[in-house]
Each structure stands twice: as structure tokens, then as C-alpha cells.
Amino acid sequence: MINYKDEIAKVLFEAEIGLTLEEIQDMVEVPSDNKMGDYAFPCFKLAKVLRKAPPMIAKDIAAKIEGNHMFEKVEQVNAYVNMFISKEDFVAHVVPEVIAAGDEYGKCNIGEGKPVIVEFSSPNIAKPFHIGHIRSTVIGNALYKLWDAIGYDIIRINHLGDYGTQFGKMIVAYRLWGNREDVINEPIKTLLSYYTKFHVEVEEHPELDDEARKVFAKLEAGEPEEVELWQWFRDESLKEFNRVYDMLDITFDSYAGESFYSDKMPAIIQELKDKNLLVESNGANIVQLEEYGMPPILITKSDGSSLYATRDIAAAFYRKKTYDFVKNIYVVASQQNLHFQQWFKTVELMGHEWAKDCVHIPFGLVSLEEGTMSTRHGRVVFLEDVLNRAVEQTKEIIKEKGVNTDDIDETAKAVGIGAVIFQELSNNRIKDYVFKWDKVLNFDGETGPYVQYTHARACSVLRNAGEIAANLDTAAIDYSYITGGAAYELAKLIYKFPAVIVDAAEKYEPSVLTRHIVDIAQGFNKFYNEEHILVDNEEEKKAKLALVLAAKDTIKNGLALLGIKAPERM
Ligand code: ARG
């Protein structure tokens, strides 16, 4: 896409104003008030070299560049050259480029194919995949897509919580009270019930705890029977998680979970010892972080078993060795802030400079209108149920509205699930939010259905235009028809789209993109409502249809980056 800042720098450079191209590039500004032009060039710096008053210099420069076709108007105001871009030149550049790029519009190659890891979702095996998990899953997927769009090579990792003493308990419980069929039919609910029963029974039979510990030791030692059961629990749980991932259209490149690192921890513990970082404390091993304002990090327990943090350190080492990442991103709730700060610091103290490339991307809590969730009290809302309910309710709304669609089930799925994702990505990730059904599925608010509906509306305009829209020759269009009012404002929003993607990726903040897509949808609807598009004048109609097509592609690409589909009819 044409970069106006660079183009303007070139024009100024060619006008021989006595600065290098790089110097000029650094000085071109975007005035905060667009009455001062779309771009401005301050002349203070030149005053010394030219020994002239800045306003005089600005006046000379303005006179030199005024005739360029890129500008509608060039003005000298005090020490500034204020430049107003020719609207026709602008839309004639932007619209054809967007159309030519199609699905690729918005992408760039800042990343040059460098490897970046995005770790997200990472649920715990045999525990419910509940509404709280939606955040890491959906934010992580959007971050993957954003970083991919700006040219990095992304490795998506699901760091499954598939390790720890609870698996000893689960195996004991299964052997005592389990039933194979039940596990197969409803793995997570069943395994969870065993786990709960174990905790009830252990009150009266404390020996169960010893048994569980023994079984876990066997599992760690790789005893076939225990490993087989654990593997089976893991596979069955994953099947259930995968149902949700399928609904959300999310995939991973690796499911290397915590268990994967069990044989990789001794080397880490050894390195910590060798570097004199490990301190014994009541039989346990810790790293002191007091100097850095943090409590110590626990590396091994007094019984020698390893911990969550140790596995995270081992995983980071493995990832560095395997993928040589330039960034290792963890999309994990803000409750774990301290955990990440502690182990990032530990890796730094071990002397690995790549510790600085590990980033924790935290997010706030989601709660339900009905009140907070609690696994312990059985107030768990399964994510799968939420998604199914969204699809069902959407189907009702679609029927009620008499929406025309080829396949009501497909559309209801795209809109219902899209609505949940969109809501999730609408707010700054760090904010807590309340999940509200009527807000999620509102077709008129700043919601997923509203944006999807706008996209479908653009598709419908193009369909209704028939042949003429299908055969637009963007080089032969008279763009002067779309240089006014709502049309021009829409073109400006479309032009900003690639920069917004970079901004959203670099801030790790999908909501920056979500908000911009809402702006484009609103911009489109303003244009649609204020202007007649399918006019008699063929030339005018072509220019307007080109803008509709560019807007449609941009909205579709934006939704795709959030992980949301854009049905053509609804
Ligand atoms: N399984 C953990 C949980 O559900 C999240 C894992 C986060 N990732 C990590 N590398 N520690 O709380």
C-alpha cells in the first residue's frame, strides 16, 4: 500500500531542500488537527543551515511542491508546510490496491519469517474446559493470527496441564470405583467425579493418599500400567477439548504439555546448582528472589518432586533449543503474573539473554451475570455449552428476522460463535468483564453479528449489481465520485487497516483491531445510508461498487484475524 509519509518525504527530497531523505522521513508529521493538513513539515531545523527565518523557508518549500498531483493544497502556516492530500489521488491509490490484494490485504512482512511462539489455551487434563478458558484460547488465537499476518513464523503451543500428583489420585480412584464406558462417554465429567470422590473418601481413609503417591511415583518411573491409564485419560480429555477447538476453528502445532518436560528437568536443576542459584530450605530447593522484590521460587519439593515452575523453565529451554524463537509469548491469566515474573527472572539469573524474549500476556477475569463460577461448588459453566447455546439462540433470531441464508445451521454457527469471540476481543484484555447474553447477540450494538451483518450487506449490494460488480476494471474507474463525505471517510478507515494490524500485534491487544473493524462497519453503513450506490450513471456506480468491494474485503480480513467467519448472506 502506498505510504504517504514516505511519498511526501520523497517529494520534499526531490525539491532539494537541503536534507537527506532519512532526515526528512523523520520530520514529516501528522498534525493532530486535520485543519492543518493531512501531513506537515516543520522547518525549524533548516533555519540554522539556511540562515533564514523558518516561516520564510516553509514558504519557499510550499511553493516548490505545490504543483505535485499528490496534493490538493499546500499551505505555509508559521514554520510549517501543511500538506493536504488530493482526495482523488488518495482513493485512486487505496481502493485498487485493496481490491488487488484481496485476502492478503492488511498483511506485511515485518517479521521476515522469524520464529515466534504463542502458547495459549493450555487447559488442565481431566478438569472442565469452562467459560474461563475462553480468554486464553480466543485471545491467544487472535495473537497468533496477528503475528502471522505481520510476517512471523508462528508455532502454536498448547501447554496442557497433564502432569502432577492429581493423576496418581485419579488412577487410584478409577481402579476403585471407575467404569470404562463412563469415561469414554463423558470423559471430563466422569474423571472429575472420581477426583471429587477421592477427596471425600480420603477424609476417612488417609491411606488413599499414600497409595496415590505411590501410583504417581510409578507413573513418573514409566510403569506401563500407570502410563497406559494416564495416556488414556489424556487422550479422552483431549477429544473433549478438541470438540471445542473444532467449534472455534482453532488448531495447534504442538500439544507438548507439562508431562513432556518430566525428563528435561534434572538438567535444569543441575544448571541451577552449578550456577549457585539453588538454596536448600527445609528439604526443598528454592531460588532466592528477595533482591528483586519477589518471594523465592520453589524448584523441587522436599520429597524431590518437581513443580509447575520447574516445568515452565524446562519448557522454555526446550523451546529455545527447538525453535530458536525471537519471542516466546504466554497468554495466561493475570493471576499468574508473579509466577511468570519469578521464573523469567530465574532464567535471566542463569545468564540466558533470551529471557528477555519471553513475554507474559495477562488478561482479566470473565464472570457470568448469574454470579461467579466455582469448580468446588459445582458452579461450572462449560465452554461447549456456552457455544452451543449461542448457536441455538442465533438460530432463533435468524428465523425470527426471516434472514435469507443458504444454510441456516452454518450461518447460525458462524454468527453465534463469532459473537462470543467478538465480545471476548472487544475489551482491553486486562479488564475483567461480565459475560452478558443480550449484549453478545445484539445485532445492532458494536457486536460480532453487527459487523458480520454489515459484511453480508456489502456482499448483497455487489450481488445485486450483477455483472458490473463482477467485472470491475479498477484501473479504468473515475475515482472522483468517491472523494466526498462518507465515502472518503470510509476509504480513510480502510487505508489505516494494515497499520492497525501492526499496532494490535505489537501491543498484544486484539481489541485494537476489533474496534477498528467496528469503525469500518459503521463507516460503511453511513456510506450505505447516505448515498445511493446503484445509481443510473454507470461510471459513478462503478466507483461506488469498488469502494463497497474494498470495504467488504477489509471487514472479512479483519474478522478472519480475530478467528471469526464472514458469511455472505444473513
Ligand atoms: N494449565 C494452567 C492452568 O490451567 C495454565 C498453563 C499456563 N502456561 C504455562 N506455561 N504455565 O492454570
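Presented here is a report on the structure given in the accompanying data block. Note that the structure is a prediction, hence the values are computed from the model and not measured. (Residues numbered from 1 in each chain as written. Predicted model: local features only at pLDDT ≥ 70, side-chain atom pairs only at ≥ 80, totals over all residues. Heavy atoms only, no water.)

**Describing the overall build of the protein chain**
Piece 1. From N to C terminus, the protein chain includes 22 helices and 12 strands.
Piece 2. Taken along the three principal axes of its C-alpha coordinates, the protein chain extends 90 × 65 × 35 Å.
Piece 3. The burial tally for the protein chain puts 54% of its 570 residues in the buried class.
Piece 4. In the protein chain, 72% of the contacts between residues at least 6 apart in sequence involve partners at least 24 apart.
Piece 5. For the protein chain, the exposed area adds up to about 26,100 Å²; of that, 47% sits on carbon and sulfur atoms.
Piece 6. Mean positive and mean negative side-chain charge positions of the protein chain (64 and 90 charges, respectively) differ by 2 Å. (Helix = DSSP H or I, 4+ residues; strand = E, 2+ residues; numbered from the N terminus. Buried < 20%, exposed > 50% of the residue type's maximum accessible area, 1.4 Å probe, protein only. Contact = heavy atoms within 4.5 Å. Areas by Shrake-Rupley, 256 points an atom, 1.4 Å probe, with all protein chains shown as cover. Lys, Arg positive; Asp, Glu negative; His and termini not counted. Charge placed at Lys NZ, Arg CZ, Asp CG, Glu CD.)

**Quick look at the site of the ligand**
Piece 1. All residues in the neighbourhood of the ligand are listed as Glu119, Ser122, Asn124, His159, Tyr308, Asp312, Tyr330, Val332, Gln336 and Phe340.
Piece 2. Within the side chain of Gln336, an N or O atom sits 3.2 Å from an oxygen atom of the ligand.
Piece 3. Compared with its free state, where it exposes 350 Å², the ligand has 87% of that area covered by protein.
Piece 4. Of the residues belonging to the shell around the ligand, the class tally is 4 nonpolar, 4 polar and 2 charged. (Near = heavy atom within 4 Å. Polar contact = N/O pair within 3.5 Å; in protein donor to acceptor, adjacent residues only side chain to side chain. Nonpolar A, V, L, I, M, F, W, Y, C, P; charged D, E, K, R; others polar.)

**Describing helix α22 (residues 538–562)**
Piece 1. Look at α22: 36 Å from first C-alpha to last across 25 residues, which is about the 36 Å you get at 1.5 Å a residue.
Piece 2. Looking one or two places after α22, you find Gly563, whose phi comes out positive at around 90 degrees. (Expected span 1.5 Å × (residues − 1).)

**Quick look at the pattern of salt bridges**
Piece 1. Across all of its chains, the model carries 33 salt bridges by this definition.
Piece 2. Salt-bridge contacts for Lys542 lead to Glu539; the nearest nitrogen and oxygen are separated by 3.8 Å. Of this pair, Lys542 and Glu539 are both found in helix α22, 3 residues apart, which corresponds to roughly one turn of the helix.
Piece 3. Asp553 is paired through a salt bridge with Lys552; the nearest N and O atoms lie 3.7 Å apart. (Salt bridge = Lys/Arg side-chain N within 4 Å of Asp/Glu carboxyl O.)

**Quick word on the nonpolar core**
Piece 1. In terms of nonpolar packing, the biggest core is built from 167 residues, with Phe41, Val81, Trp147, Phe435 and Leu513 touching the most fellow members.
Piece 2. In this view, Trp147 contacts Val116, Tyr152, Ile154, Lys327, Ile329, Ala505, Glu506 and Tyr508; residues no more than four positions away in its chain are not counted.
Piece 3. Counting residues in each nonpolar core, the second largest holds 33 residues, with Ile117, Tyr261, Ala316 and Phe317 among its members. (Core = buried A, V, L, I, M, F, W, Y, C linked by side-chain atoms within 4.5 Å.)

**What about the sheet that holds strand β4 (residues 115–119)?**
Piece 1. Strand order in this open sheet of 4 strands is β5-β4-β9-β10, and the pairing throughout is parallel. The sheet is open, and its two edges are formed by β5 (153–157) and β10 (358–361), each paired on a single side. In this sheet, adjacent strand axes meet at a mean angle of 20 degrees when their direction is disregarded.
Piece 2. Alignment of β4 against β5, held across 5 bridges, turns out to be parallel. Bridge assignment links Val116 to a residue of β5, and that residue is Ile154.
Piece 3. The sheet strands contacting helix α13 (residues 308–323) are β4, β5 and β9 (327–331), and the helix crosses β9 at an angle near 140 degrees.
Piece 4. The sheet strands contacting helix α14 (residues 337–349) are β9 and β10, and the helix crosses β10 at an angle near 175 degrees. (Pairing = 2+ DSSP bridges. Axes fitted to C-alpha atoms, helices over the stretch in contact; angles between N-to-C directions.)

**A few points about the sheet that holds strand β6 (residues 278–281)**
Piece 1. Within the open sheet, the 3 strands sit side by side as β6-β7-β8. Their pairing is antiparallel. Edge positions in the open sheet fall to β6 and β8 (297–300), since each of these has one partner strand only. When strand polarity is set aside, the average angle formed by the axes of neighbouring strands in this sheet is 45 degrees.

**Brief notes about the packing of aromatic side chains**
Working definition: an aromatic ring pair is given by the centre-to-centre distance plus the angle between the planes.
Piece 1. Taken as a whole and judged by the stated rule, the model has 32 aromatic pairs.
Piece 2. Pairing Tyr245 with Phe252 gives two aromatic rings, centres 5.0 Å apart and planes at 70 degrees, and the pair type is edge-to-face.
Piece 3. The interplanar angle of 50 degrees and the centroid separation of 6.0 Å between the aromatic rings of Tyr330 and Phe344 together place this pair among those described as tilted. Pair noted here: Tyr330 is in strand β9 and Phe344 is in helix α14, with a separation of 14 residues, a long-range link. For the residue pair Tyr330 and Phe344, the accessibility class agrees, reading buried in each case.
Piece 4. In textbook terms, an aromatic cluster arises when at least three aromatic residues are bridged by ring pairs, as seen for Phe120, Phe129, Phe241, Tyr245, Phe252 and Tyr255.
Piece 5. If you follow Arg156 out to its NZ or CZ, it ends over the ring of Tyr144, 4.4 Å from the centre.
Piece 6. Against the face of Phe382 rests Lys189, its NZ or CZ located 4.6 Å from the ring centre. (Phe/Tyr/Trp six-rings, centres within 6.5 Å; stacked < 30°, edge-to-face > 60°. Lys NZ or Arg CZ within 6 Å of the ring centre and 35° of its normal.)

**Some words on the environment of Val359**
Piece 1. Following the sequence through the fold, Val359 ends up in strand β10.
Piece 2. Linking Val359 and Val331, residues 28 residues apart in sequence, is a C-alpha distance of 8.6 Å.
Piece 3. Non-local contacts of Val359, meaning those with residues more than four positions away in its chain, are made with Lys327, Asn328, Ile329, Tyr330, Phe344 and Tyr508.

**Remarks on the pairing of β6**
Where a strand is regular, its side chains alternate between the two sheet faces.
Piece 1. Inspection of the sheet shows β6 paired to strand β7 (residues 284–287) by 4 bridges, in the antiparallel sense. The residue bridging Ser281 from the neighbouring strand is Ala284, located in β7.
Piece 2. Counted along the chain from β6 to the antiparallel partner β7, the turn is 2 residues long, and its residue Asn282 has a positive phi close to 50 degrees.

**Let's talk about unusual backbone geometry**
Piece 1. One non-glycine residue with positive phi stands out, namely Glu112, at about 45 degrees.
Piece 2. Here Glu112 lies in the loop between α5 (87–101) and β4.
Piece 3. Residues other than glycine seldom take positive phi values, yet Asp249 does so here, at roughly 60 degrees.
Piece 4. Its place among the elements puts Asp249 in the loop between α11 (224–248) and α12 (265–274).

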